[in-house]
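Next come the chains, spelled out residue by residue.
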Amino acid sequence: MRKLSIKKVSKHFGETKALDEINVSIEENEFIAILGPSGCGKTTLLRSIAGFIEPTSGTIQFGEDIFYDRQTTIPVEERQLGMVFQHFALWPHMNIEQHLAYPLKSSQNKKRFERHMHKEMIEAALQLVELDGFEKRYPHELSGGQKQRIALARAIVSQPKLLLMDEPLSALDAHLKQVMIQEIKRIHRLTKATILYVTHDQAEAMALADRVIVMNKGRIEQIDTPYNLYHSPKTPFVADFVSKAVLVKGEWKGNQFHPENAKTITWQGDGVTEDFKVKQIYPIRPEELMLSSVDDHRAGIPARIKDKQFLGRETRYIVSALGIELEVISTQPYAAGIDDEVYVVKREVSVQA
């Protein structure tokens with residue numbers, strides 16, 4: 001088993017800690033998304049694994065190969081990994097066959113693959129991304145989606161066991177993103193490579209990954225399945241960044257929460273961690289709320305509609321309640337208008353482990 005093990009990895013740029021004691025173990029064939037806002041350290045971590053950046057301290061090991069520790073640093077070209085960059089990184093003077101042949105000519109891959117194997121491997125990689133027959137085309141003859149597929153084919157042509165992706169879909173439009181998400185999942189199933197995928201897009205991370213690493217200010221906030229991250233965030237940052245939860249101030253009494261400006265309202269705290277209770281806050285997601293009329297308030301919280309956006313299958317409301325603004329995602333037929341007085345009711349949402 002070729003497990004990727006990252007132990008106490010730190011990276012300092014002067015006085016700035018880009019990575020602060022990162023510890024994570026990734027199983028063979030896992031698809032891991034590294035998620036976080038700009039400047040959180042996710043790309044620094046990926047580039048440290050690739051070998052483009054040398055950590056300040058720690059150990060990075062893949063299977064038996066020690067990529068980095070105090071005594072050892074394996075050069076980038078000897079790490080036998082594939083890399084997909086954010087902006088395709090295709091050279092205009094080279095055709096597609098030449099692009100895919102390039103990684104096969106590295107000193108390490110020359111030992112692994114005889115030259116007569118290159119043509120067959122290039123054809124296989126192009127078939128895998130469904131662009132067979134494109135060998136003689138040049139980058140300017142390709143669409144954005146095709147360029148991204150070629151970048152992916154170049155990364156997998158040498159059959160790496162570890163595949164790194166640095167925001168590979170950021171340059172694509174919404175429709176192409178959805179197509180490429182399906183393609184990347186299909187290629188992961190077929191190649192069985194271990195994949196680390198950096199993104200700032202929560203939807204991409206949730207759609208693709210077996211587990212997600214959420215980073216903030218150079219540290220790991222939580223590592224978990226997409227489901228658990230969304231429904232059981234362990235820190236206020238994860239609740240805000242992943243679940244888009246509003247952090248309501250109030251008072252905890254055991255496992256019950258009383259919002260600050262609505263003492264008669266009680267919310268159950270099942271699954272809410274001690275970190276929230278210590279800070280006297282409660283994470284509430286937009287889909288956990290619903291609107292009701294003044295005549296049917298059902299022990300709800302008085303509110304006023306500040307904004308309304310019709311999104312097709314659902315309507316997004318911004319309401320003023322509890323002295324703050326809450327977001328409500330509604331699929332119910334009840335239709336409120338801007339400045340209407342309503343009540344906000346918390347749904348009882350069933351969460352499975």
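In short, a report on the structure.

Parameters and conventions
Residues numbered from 1 in each chain as written. Predicted model: local features only at pLDDT ≥ 70, side-chain atom pairs only at ≥ 80, totals over all residues. Heavy atoms only, no water. Helix = DSSP H or I, 4+ residues; strand = E, 2+ residues; numbered from the N terminus. Buried < 20%, exposed > 50% of the residue type's maximum accessible area, 1.4 Å probe, protein only. Contact = heavy atoms within 4.5 Å. Areas by Shrake-Rupley, 256 points an atom, 1.4 Å probe, with all protein chains shown as cover. Lys, Arg positive; Asp, Glu negative; His and termini not counted. Charge placed at Lys NZ, Arg CZ, Asp CG, Glu CD. Phe/Tyr/Trp six-rings, centres within 6.5 Å; stacked < 30°, edge-to-face > 60°. Lys NZ or Arg CZ within 6 Å of the ring centre and 35° of its normal. Pairing = 2+ DSSP bridges. Axes fitted to C-alpha atoms, helices over the stretch in contact; angles between N-to-C directions. Core = buried A, V, L, I, M, F, W, Y, C linked by side-chain atoms within 4.5 Å. Salt bridge = Lys/Arg side-chain N within 4 Å of Asp/Glu carboxyl O.

### A short note on the overall build of the protein chain
Part 1: The secondary structure content of the protein chain amounts to ten helices and 19 strands.
Part 2: Along the first, second and third principal axes, the C-alpha set of the protein chain runs to 80 × 45 × 35 Å.
Part 3: The buried share among the 353 residues of the protein chain stands at 50%.
Part 4: Within the protein chain, contacts between residues at least 6 apart in sequence are counted, and of these 65% link residues at least 24 apart.
Part 5: Summed over all atoms, the accessible surface of the protein chain reaches about 17700 Å², with 48% contributed by carbon and sulfur.
Part 6: Taken together, the 46 basic and 47 acidic charged side chains of the protein chain have centroids lying 3 Å from each other.

### What to know about the packing of aromatic side chains
Part 1: Under the criterion given, the structure shown has ten aromatic pairs.
Part 2: Each ring, one from phenylalanine 52 and one from phenylalanine 85, has its centre 6.2 Å from the other, and the planes form 35 degrees; the classification is tilted. Linking phenylalanine 52 in the loop between α1 (42–50) and β4 (57–62) with phenylalanine 85 in the loop between β6 (81–84) and α2 (96–101), this pair joins segments that are 33 residues apart in sequence.
Part 3: On the basis of relative accessible area, phenylalanine 52 is assigned to the partly exposed category, the value being 39%.
Part 4: Residue phenylalanine 85 is classed as partly exposed on the basis of its relative accessible area, which comes to 25%.
Part 5: Ring pairs connect the aromatic residues Trp252, Phe257, Trp267 and Tyr282, which therefore count as one cluster.
Part 6: Taking NZ or CZ as reference, lysine 11 lies 5.1 Å from the ring centre of phenylalanine 13, over its face.

### Observations regarding the sheet that holds strand β8 (residues 194–199)
Part 1: Strand order across the open sheet formed by six strands is β6-β7-β8-β3-β9-β10, with mixed pairing between neighbours. Looking at strand neighbours, the two that pair on one side only are β6 and β10 (219–224), the edges of this open sheet. The sheet shows a mean angle of 15 degrees between the axes of neighbouring strands, direction not considered.
Part 2: Bridge count for strand β7 (residues 162–166) against β8 is five bridges, and the pairing is parallel. Considered in β8, the bridge of methionine 165 is made with tyrosine 197.
Part 3: Contacting β6 and β7, helix α5 (residues 144–156) crosses the sheet at an angle of about 165 degrees to β6.

### Things to note about the nonpolar core
Part 1: Of all hydrophobic cores here, the largest spans 48 residues; its most connected members are Leu152 and Leu163.
Part 2: The element best represented in this core is α5, accounting for six residues.
Part 3: Discounting chain neighbours no more than four positions away, the residues touching leucine 152 are Val84, Val129, Leu163, Met165, Met180, Ile184 and Ile187.

### Some thoughts on the sheet that holds strand β16 (residues 301–310)
Part 1: In spatial order, the strands read β15-β19-β16-β17-β18; together these five strands make up an open sheet with antiparallel pairing. At either margin of the open sheet sits one strand with a lone partner, and together these are β15 (289–292) and β18 (324–330). Taking each pair of neighbouring strands and ignoring which way they run, the sheet shows an average axis angle of 45 degrees.
Part 2: Pairing geometry for β15 and strand β19 (residues 341–346), over four bridges, is antiparallel.

### Some thoughts on the pattern of salt bridges
Part 1: The full count for this structure, using the stated rule, is 17 salt bridges.
Part 2: Among the salt bridges present, the one from glutamate 130 reaches arginine 186, with a minimum N-O distance of 3.9 Å. A residue pair is termed long-range when its members are at least 10 positions apart, and glutamate 130 in the loop between α4 (118–128) and α5 and arginine 186 in helix α6 (residues 174–191) qualify at 56 residues.
Part 3: Residue arginine 186 is classed as buried on the basis of its relative accessible area of 18%.

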